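The primary structure of each chain is shown beneath.
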Amino acid sequence: MRWSSIRWIGSSRLVRQSYIWMFLVPITAKIMVSARLDGLVVLVENFPLSWLALYLSSIFFALGTTVYLCCCPKIIQSYRDPSDFISQGGTFDRLNYYLSRDLDDNSLALESGFELCSEETTADDIGNGNTVAIEISKKDKIFNIKDEKFFDTFWLIYDHCDRLKKASLCVSFIFFLCGFLALGYIFIDNAISVLLVMYDD
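Residues numbered from 1 in each chain as written. Predicted model: local features only at pLDDT ≥ 70, side-chain atom pairs only at ≥ 80, totals over all residues. Heavy atoms only, no water.

## A look at the overall build of the protein chain
Each helix and strand counted, the protein chain has eleven helices and four strands in total. A separation threshold of at least 6 residues defines the contact pool for the protein chain, and within that pool the share at least 24 residues apart is 73%. As presented, the protein chain carries roughly 12300 Å² of accessible surface, and 61% of it is formed by carbon and sulfur atoms. (Helix = DSSP H or I, 4+ residues; strand = E, 2+ residues; numbered from the N terminus. Contact = heavy atoms within 4.5 Å. Areas by Shrake-Rupley, 256 points an atom, 1.4 Å probe, with all protein chains shown as cover.)

## As for helix H4 (residues 49–71)
Under the 1.5 Å per step criterion, the end-to-end length of H4 is 33 Å for 23 residues, consistent within 8% with the ideal 33 Å. If you check which residues of H4 are buried, you get Ser50, Ala53, Ser57, Ser58, Phe61, Gly64, Thr65, Val67, Tyr68 and Cys71. (Expected span 1.5 Å × (residues − 1). Buried < 20%, exposed > 50% of the residue type's maximum accessible area, 1.4 Å probe, protein only.)

## Topic: the nonpolar core
If you look at the biggest cluster of nonpolar residues, it comprises 25 residues, and the most contacted ones within it are Trp3, Ile75 and Leu95. Secondary-structure elements contributing two or more residues to this core are H4, helix H5 (74–78), helix H7 (92–102), helix H10 (150–162) and helix H11 (166–200). The greatest single-element share of this core, amounting to five residues, is contributed by H10. Residues within four places of Trp3 in sequence aside, it is in contact with Tyr68, Cys71, Cys72, Pro73, Ile76, Cys161, Asp162, Leu164, Lys165, Ser168, Leu169 and Ser172. (Core = buried A, V, L, I, M, F, W, Y, C linked by side-chain atoms within 4.5 Å.)

## A word on unusual backbone geometry
Excluding glycine, a negative phi dihedral is what most residues carry, and trans is how most peptide bonds are arranged. A positive phi angle, near 50°, is found at Lys165, a position not held by glycine. Along the polypeptide, Lys165 turns up in the loop between H10 and H11. Residue classification places Lys165 among the partly exposed residues on the basis of a relative accessible area of 43%.

## Description of the pattern of salt bridges
Applying the stated criterion to the full structure yields three salt bridges. We note a salt bridge from Asp84 to Arg80, for which the minimum N-O separation is 4.0 Å. When its relative accessible area of 10% is taken as the criterion, Asp84 is described as buried. (Salt bridge = Lys/Arg side-chain N within 4 Å of Asp/Glu carboxyl O.)

## Section: the confidence of the model for the protein chain
Per-residue pLDDT for the protein chain averages 75, and the proportion of residues at 70 or more is 65%. Low pLDDT, under 50, characterises residues 37–45; the predicted model gives this stretch 13 contacts beyond four residues in sequence or across chains. (pLDDT = per-residue confidence, 0-100.)

## Comments concerning H10
The terminal C-alpha atoms of H10, which comprises 13 residues, lie 18 Å apart, in line with the 18 Å expected from a rise of 1.5 Å per residue. Looking only at H10, the buried set comprises Phe150, Thr153, Phe154, Ile157, Tyr158, His160, Cys161 and Asp162.

## Here's the deal with the packing of aromatic side chains
As enumerated under the stated definition, the model contains nine aromatic pairs in all. Here Phe61 and Phe180 contribute two aromatic rings whose centre-to-centre distance is 5.0 Å and whose plane-to-plane angle is 80°, an arrangement assigned as edge-to-face. Residue Phe61 is located in helix H4, and its partner Phe180 is located in helix H11; the two are separated by 119 residues in the primary sequence. Between Tyr79 and Phe85, the ring centres sit 4.8 Å apart and the planes meet at 85°, which makes this aromatic pair edge-to-face. An identical accessibility class is assigned to Tyr79 and Phe85; each is buried. An aromatic cluster is built from Tyr79, Phe85, Phe154, Trp155 and Tyr158, whose rings are joined through pairwise contacts. (Phe/Tyr/Trp six-rings, centres within 6.5 Å; stacked < 30°, edge-to-face > 60°.)

## Points about the environment of Ser57
Residue placement: Ser57 occurs in helix H4. A residue is classified by how much of its surface remains accessible, and Ser57, at 2% relative accessible area, is buried. Separated by 121 residues in the primary sequence, Ser57 and Cys178 have C-alpha atoms spaced 7.0 Å apart.

## Here we look at the side chain of Asp84
Inspection of the secondary structure puts Asp84 in helix H6 (residues 82–87). One polar contact links Asp84 to Gln88, side chain to side chain, over a distance of 3.0 Å. The residues contacting Asp84, other than those within four sequence positions of it, are Arg7, Ser78 and Tyr79. (Polar contact = N/O pair within 3.5 Å; in protein donor to acceptor, adjacent residues only side chain to side chain.)

Printed below as a string of structure tokens:
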């Protein structure tokens, strides 16, 4: 599993705004419990399980989103592909920023990829300003890569970041999964209720 596989969940406006139900459901419950009808206090002894499921779902989504926003590499959160990156003004300097931000010690595959991309670079390319330096500052390594290798370089960095922080990725996924399971319960419960009403009629 990779961060990009849950990106659509973490960036979903519906999921990010689900925290509203964390506050709305308890408030509504209190109103229902203390509601007055003909001067009598109506106590809701059996609060609907679907409301509880909605509340739990909002909590799980909030936790999953928090882990996603804190731990998912920013290049994954912000962009889907090189075209998306370029359309938002992305440059080689920006790639260097993401590389220095999220690089870990296990970067041998990434270095090998940079070496392959830089093999075609000549002294003339460097002299004519047709290259950009990709720097792995933690290991004091610099790779001069031709501008035409921009897409290849992007995918190397993107793929590397996509594999980072596996434990956090699993935690975020589990929270999201629990949130969807709770929503699934609500859907099934409502569907059964509708079918029972139709059957009774």
